[in-house]
Amino acid sequence: MAKGKIPGHELWYTGGVSYDASAIKVLKGLEGVRHRPAMYIGGTGVEGYHHLFKEILDNAVDEALAGYATEIVVTLNPDGSLTVEDNGRGIPVDLMPEEGKPAVEVIYTTLHSGGKFEQGAYKVSGGLHGVGASVVNALSEWTVVEVFREGKHHKIAFSRGEVTEPLAVVGPAKKTGTRVTFKPDPQIFGPLAFDPSKIRARLREVSYLVAGLKLVFRDLQHGKEEVFLDKGGVASFAKALAEGEELLYEKPFLIRGTHGEVEVEVGFLHTQGYNAEILTYANMIPTRDGGTHLTAFKSAYSRALNQYAKKAGLNKEKGPQPTGDDLLEGLYAVVSVKLPNPQFEGQTKGKLLNPEAGTAVGQVVYEKLLEILEENPRIAKAVYEKALRAAQAREAARKARELVRRQNPLESDDLPGKLADCQTENPEEAELFIVEGDSAGGSAKQGRDRRFQAILPLRGKILNVEKAGLSKALKNAEVRAMVSAIGVGIGGDGEAHFDLEGLRYHKIIIMTDADVDGSHIRTLLLTFFYRYMRPLIERGHVYIAQPPLYRLQVGKKVEYLYSEEELQARLKELEGKAYEVQRFKGLGEMNPEQLWETTMNPEKRVLKRVELQDALEASELFEKLMGQEVAPRREFIEEHARYAELDI
């Protein structure tokens, strides 16, 4: 049944317009930032909104890195604005002769200005491009900057990048530092608001990365205050990452060293589990896409461990030999580098490019790790023997993987519930719906657009991979079905048996019921993707479908509502009118036409893309919800029970 064009294939163009000087628009001052905000903060969604906070926080952290600030206070105000205050030196307020304006005004109104370009101002800095403060100012409804310096309290105010109150002394000051209060502009971000959990996560992260720095979060909207202060640094960070796992040894290790102008800090800890987590930072900025420091760490770590094993006679000639991934299994590590001129990919700083960072990490980690292994022979033996077991499990998994490899992608009989594949051979067009149960799967198969939508029904709940290893997971029929259908293999990014080039569907959509069982199945699936196919999440290929909870009919008009709040608000508008409400407890209750119209039609459906914004928080959450320990799960449920919807 034809239902319109395959999405993503329309070509838009304008014709008949002359291209001359009159067609060129020069955006003055900060107009360009407001015109193209995504160029500077990555987007205008939740992540871009909170990127503003991170930019201002980075400036305060830079003062701490330089040795001038010891405390940072972040306040979420009742009106939705955010205040970041440090006790550093205070932004310069004196006149800049070339600009004819105070330095603080230039910093907040001019791109590529600030102390980040002068070598003497900051030895290391997270604010690479000198655009952070001015971009935040441009994208805020209003900004107020207060400077406490040389016994005076200075104040300057802005609105959408323009000065509204010139710099003035408003009183005396007994302290030094900078206080910045800003409210992101709803003209840019719509109805978004700051999420306290995201603020809290970043402050906790920074407290580990700058050992001894006191960070205070005052949430005036909820009447809470928290203090983040850690003296253990990245070693404590690594242990926090491994929370909930069974440890191979108790105390994390800390590696510190300097090579050239690059400072290197690495904290690490090994667990008995199968998972591995390596977080990387450059000048306190999380580099989610890794870079030279991550590549160098993995290489130096493997080289040192192999060198020690050979010297100590731990490696066995018979049987599979540990690869780099085997050696990393169970490792939780944090790699932090500080360097004068970091080079990143893009303003959002996702990947570090500096070769000198890689050289420094490689040398420091190799030398220091060898010393640690030689000084702790029992731990070294336990780590390497675990890698040998991982190699054996990998070989067993390879053999199991051969059983699920499809010879013909359209005619495999090994898939439970039968994969109903789509017709297109272009993965960029293709969508795979992973559907709970045969009943919903039947409706989805009938209601889909078979040209680009494939359906894979699951029978029952998949294995909880948080408690199982890779070889055990591959014996599960539902896991094997997904691995076979998706086509990238299983394991992790960079492994020989994981290849994104083989991805058969660029949208993998989890479609489950809106009840408790559906939520559990969705969590099991997300745990699987996070632990064994994480690159699919990191590259934006995993989505969650949002089926409606209610069908509301008023006369002949039918509409679908997606939450209890939405229903109650709509019913208030229908005072005195007759209506009929149907609650969908499961996808199987919808006929194929309803399922298409509400949940599968690209022109009308609501999809939520699964994003990995905070690796520490995500790892901890999966461990709490799906791990071996019962107590953390019970505590989490008790704490969040008031937010849950009861389905009876």
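Residues numbered from 1 in each chain as written. Predicted model: local features only at pLDDT ≥ 70, side-chain atom pairs only at ≥ 80, totals over all residues. Heavy atoms only, no water.

*Asks:* Describe in detail the overall build of the protein chain, supporting the description with residues and values.
*Replies:* Within the protein chain, the regular secondary structure consists of 21 helices and 23 strands. Taken across its 648 residues, the protein chain has 52% of its residues classed as buried. Of the roughly 31100 Å² that the protein chain leaves accessible, carbon and sulfur atoms contribute 49%. (Helix = DSSP H or I, 4+ residues; strand = E, 2+ residues; numbered from the N terminus. Buried < 20%, exposed > 50% of the residue type's maximum accessible area, 1.4 Å probe, protein only. Areas by Shrake-Rupley, 256 points an atom, 1.4 Å probe, with all protein chains shown as cover.)

*Asks:* Lay out helix H8 (residues 233-241) with the relevant residues and their values.
*Replies:* The buried fraction of H8 amounts to 7 of the 9 residues, a majority that puts the element mostly inside the structure. If you check which residues of H8 are buried, you get Gly233, Val234, Ala235, Phe237, Ala238, Ala240 and Leu241.

*Asks:* Lay out the nonpolar core with the relevant residues and their values.
*Replies:* Judged by nonpolar contacts, the single largest core of 100 residues is most densely connected at Phe53, Leu57, Val74, Tyr108 and Phe268. Per element, the largest residue contribution to this core is 10 residues, and it comes from helix H11 (residues 355-375). Here Phe268 is in contact with Ala238, Tyr249, Pro252, Phe253, Ile255, Leu331, Tyr332, Ala333, Leu369 and Ile372, once residues within four sequence places are set aside. Counting residues in each nonpolar core, the second largest holds 36 residues, with Cys422, Ile434, Ala454 and Leu458 among its members. (Core = buried A, V, L, I, M, F, W, Y, C linked by side-chain atoms within 4.5 Å. Contact = heavy atoms within 4.5 Å.)

*Asks:* Go over the pattern of salt bridges with me, naming the residues and quoting the values.
*Replies:* Counted under the stated rule, the structure contains 27 salt bridges. Here Glu329 ties to Lys386 by a salt bridge, and the two come within 3.3 Å at their closest N and O atoms. In this pair, Glu329 is assigned in the loop between helix H10 (324-328) and strand S15 (331-338) and Lys386 in helix H12 (residues 377-404), connecting sequence segments 57 residues apart. Overall, the relative accessible area of 5% leaves Lys386 in the buried class. A salt bridge links Arg605 to Glu431, with the shortest nitrogen-to-oxygen separation between them at 2.7 Å. Taken together, the residues span a long stretch of sequence, with Arg605 in the loop between helix H19 (592-600) and strand S23 (607-609) and Glu431 in strand S16 (residues 431-436) at a distance of 174 residues. Assessed through its relative accessible area of 2%, Glu431 is described here as buried. Among the charged side chains, a network of salt bridges with common partners joins Glu85, Glu146, Lys175 and Arg179. (Salt bridge = Lys/Arg side-chain N within 4 Å of Asp/Glu carboxyl O.)

*Asks:* Account for helix H9 (residues 292-312), with residues named and values stated.
*Replies:* The periodicity of an α-helix, 3.6 residues per turn, causes residues three or four places apart in sequence to face the same way. Taking 1.5 Å per residue as the helical rise, H9 with its 21 residues ought to reach 30 Å, and the 30 Å between its terminal C-alpha atoms agrees with that figure. Among all positions in H9, only His293, Leu294, Ala296, Phe297, Ala300, Tyr301, Ser302, Ala304, Leu305, Tyr308 and Ala309 are buried. One or two steps after H9, the chain reaches Gly313, where phi turns positive at roughly 70°. (Expected span 1.5 Å × (residues − 1).)

*Asks:* Please set out the packing of helix H3 (residues 46-65) against helix H7 (residues 196-209) residue by residue, giving values where relevant.
*Replies:* Each pair of packed helices can be described by the angle between their axes along with the distance between the axes. Following both chains from N to C, one finds H3 and H7 inclined at 35°, their axes separated by 11 Å at the closest point. In this structure, H3 crosses over H7, and the sense of that crossing is right-handed. Of the residues in H7, those touching H3 at Val46, His50, Phe53, Lys54, Leu57, Asp58 and Val61 are Lys198, Ile199, Arg202, Leu203 and Val206. Along the lines of polarity and charge, the residues of the contact of H3 with H7 split into 7 nonpolar, 1 polar and 4 charged. (Axes fitted to C-alpha atoms, helices over the stretch in contact; angles between N-to-C directions. Left-handed = near helix turned anticlockwise from the far one by under 90°. Nonpolar A, V, L, I, M, F, W, Y, C, P; charged D, E, K, R; others polar.)

*Asks:* Residue-level account of the packing of aromatic side chains, with values.
*Replies:* Think of a pair of aromatic rings as described by two things: how far the centres are apart, and how the planes are tilted against each other in angle. Tallied over the entire structure, the rule returns 11 aromatic pairs. On the basis of an interplanar angle of 20° and a centroid distance of 5.9 Å, the ring pair of Tyr108 and Phe158 is categorised as stacked. With Tyr108 in helix H4 (residues 103-109) and Phe158 in strand S6 (residues 152-159), the pair connects residues that are 50 residues apart, well separated along the chain. The same class applies to Tyr108 and to Phe158, which are both buried. With a centroid separation of 6.3 Å and an interplanar angle of 25°, the aromatic rings of Tyr560 and Phe584 are classed as stacked. You can see Tyr560 sitting in strand S21 (residues 557-561) and its partner Phe584 sitting in the loop between strand S22 (580-583) and H19, a full 24 residues away along the chain. What makes Phe584 buried here is its relative accessible area of 2%. Joined through ring pairs, the aromatic side chains of Tyr49, Phe182, Phe189 and Phe194 make up one cluster. Positioned above the aromatic ring of Tyr366 is the side chain of Arg303, whose terminal nitrogen or guanidinium carbon lies 3.9 Å from the ring centre. Lying over the aromatic face of Tyr530, Arg534 brings its terminal NZ or CZ to 4.2 Å of the ring centre. (Phe/Tyr/Trp six-rings, centres within 6.5 Å; stacked < 30°, edge-to-face > 60°. Lys NZ or Arg CZ within 6 Å of the ring centre and 35° of its normal.)

*Asks:* Go over the sheet that holds S21, please, and point to the residues and values.
*Replies:* Strand order in the open sheet formed by 3 strands is S21-S20-S22, with antiparallel pairing between adjacent strands. Both outer strands of the open sheet, S21 and S22, are each paired with one neighbouring strand and no more. In this sheet, adjacent strand axes meet at a mean angle of 20° when their direction is disregarded. This element, helix H18 (residues 564-572), spans strand S20 (550-554), S21 and S22 of the sheet and lies at about 145° to S21. (Pairing = 2+ DSSP bridges.)

*Asks:* Please set out the pairing of S16 residue by residue, giving values where relevant.
*Replies:* Of all 6 residues in S16, 6 are buried, a share of seventy percent or more. Side chains Glu431, Phe433 and Val435 of S16 all project onto a buried face; the interleaved residues Leu432, Ile434 and Glu436 project onto the opposite face, where all are buried too. Sheet topology note: the S16/strand S17 (residues 453-458) ladder contains 6 bridges and is parallel. Bridge pairing in S17 links Leu432 to Ala454. Assessed by its sense of winding, the connection that carries the chain from S16 through helix H13 (residues 438-447) to S17 is right-handed. (Right-handed = clockwise from strand over helix to strand, strands pointing away.)

*Asks:* Hey, could you go over the pairing of strand S10 (residues 224-228) for me, with residue numbers and the actual values?
*Replies:* In this structure, strand S9 (residues 214-219) lies alongside S10, joined through 5 bridges in antiparallel fashion. Pairing of Arg218 across the sheet is with Glu225, part of S10. Hairpin remark: S9 followed by S10, antiparallel, with 4 residues in the connecting loop; positive phi at Gly223, about 65°.

*Asks:* If you had to explain the sheet that holds strand S19 (residues 542-545) to someone new, which residues and values would you point to?
*Replies:* The mixed open sheet is built from 5 strands, whose spatial order is S17-S16-S18-S19-S23. The outermost strands of the open sheet, each flanked by one partner alone, are S17 and S23. Direction aside, the axes of adjacent strands within the sheet are offset by 25° on average.

*Asks:* Got a sec to walk through the packing of H13 against H19? Specific residues and values, please.
*Replies:* Where H13 contacts H19, the two axes come as close as 8 Å, and the packing angle between them is 80°. The angle between the axes of H13 and H19 places the two elements in the roughly perpendicular class. Residues Ala440, Ser443, Ala444, Gln446 and Gly447 of H13 form the contact with H19, whose own contacting residues are Pro592, Leu595, Trp596 and Met600. Of the residues in the contact of H13 with H19, the class split is 6 nonpolar, 3 polar and no charged. (Parallel < 35°, antiparallel > 145°, perpendicular 65-115°, else oblique.)

What is shown is where atoms sit, not what they do.
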